[in-house]
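Single-letter residue listing:
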Amino acid sequence: MKMMLLTYLEGDEECVERLLRTLGVQMYSQISMEGHGTGSTAGWYGETAPYRSRMVFSFMSEAQATRVLDEVRSCTGVEDPRHPIRAFELDVTRTSACGCADDEQDNL
């Protein structure tokens with residue numbers, strides 16, 4: 001089992017949702033967050049304004065995770081090329097759930 005994380009700017013949300021839909025990723029969680037980093041200065045004090053960022057994460061098979069990575073590599077036309085859509089694949093070695101008797105999870 002894999003955990004996929006996708007990070008992107010808020011303006012690229014439609015592209016990411018279309019990508020997930022096209023690849024058949026039906027279950028995922030999405031959160032808004034404030035990104036900080038280097039960039040052009042703004043404001044009276046020369047501070048860089050925070051970025052309106054999003055993150056999606058989903059658990060999936062290795063084969064589906066590979067497809068997600070491949071599709072993200074082929075994405076073009078993002079809101080800001082300095083902040084591309086990024087995908088991260090993480091191995092899930094063990095899981096647990098309360099009150100759940102899912103045999104598949106026991107076999108991980």
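From a predicted model like this one, the values you see are computed outputs, not experimental measurements.

Rules used throughout
- Residues numbered from 1 in each chain as written.
- Predicted model: local features only at pLDDT ≥ 70, side-chain atom pairs only at ≥ 80, totals over all residues.
- Heavy atoms only, no water.
- Helix = DSSP H or I, 4+ residues; strand = E, 2+ residues; numbered from the N terminus.
- Areas by Shrake-Rupley, 256 points an atom, 1.4 Å probe, with all protein chains shown as cover.
- Core = buried A, V, L, I, M, F, W, Y, C linked by side-chain atoms within 4.5 Å.
- Buried < 20%, exposed > 50% of the residue type's maximum accessible area, 1.4 Å probe, protein only.
- Contact = heavy atoms within 4.5 Å.
- Salt bridge = Lys/Arg side-chain N within 4 Å of Asp/Glu carboxyl O.

Caption draft 1: Region of the structure containing the overall build of the protein chain. Scanning the protein chain from N- to C-terminus turns up 3 helices and 4 strands. Accessible surface, the protein chain as shown: approximately 7700 Å² in total, 49% of it carbon and sulfur.

Caption draft 2: Fine view of the nonpolar core. In this structure, Met-4, Leu-6, Val-16, Val-68 and Ile-85 are the most contacted members of the largest nonpolar core, which totals 16 residues. Counting residues per element, the ones that place at least two in this core are strand E1 (2-9), helix H1 (13-22), strand E3 (51-60) and helix H2 (62-73). Once you skip the residues sitting within four places of it in the chain, Val-16 turns out to touch Leu-6, Tyr-8, Val-56 and Ile-85.

Caption draft 3: The environment of Tyr-28, seen in detail. Position of Tyr-28 relative to the elements: it lies in the loop between H1 and strand E2 (29-35). Sequence separation between Tyr-28 and Met-60 is 32 residues, and the spatial gap between their C-alpha atoms is 9.6 Å. In contact with Tyr-28, other than residues within four places in its own chain, are Glu-17, Leu-20, Val-56, Phe-57 and Ser-58.

Caption draft 4: Expanded view of the pattern of salt bridges. As enumerated under the stated definition, the model contains 7 salt bridges in all. Put simply, Glu-89 and Lys-2 hold a salt bridge, and the shortest N to O gap is 3.3 Å. Of the two residues, Glu-89 sits in strand E4 (residues 86-91) while Lys-2 sits in strand E1, which places them 87 residues apart along the sequence. Residues joined in a network through salt bridges with shared partners are Lys-2, Glu-89 and Asp-91.

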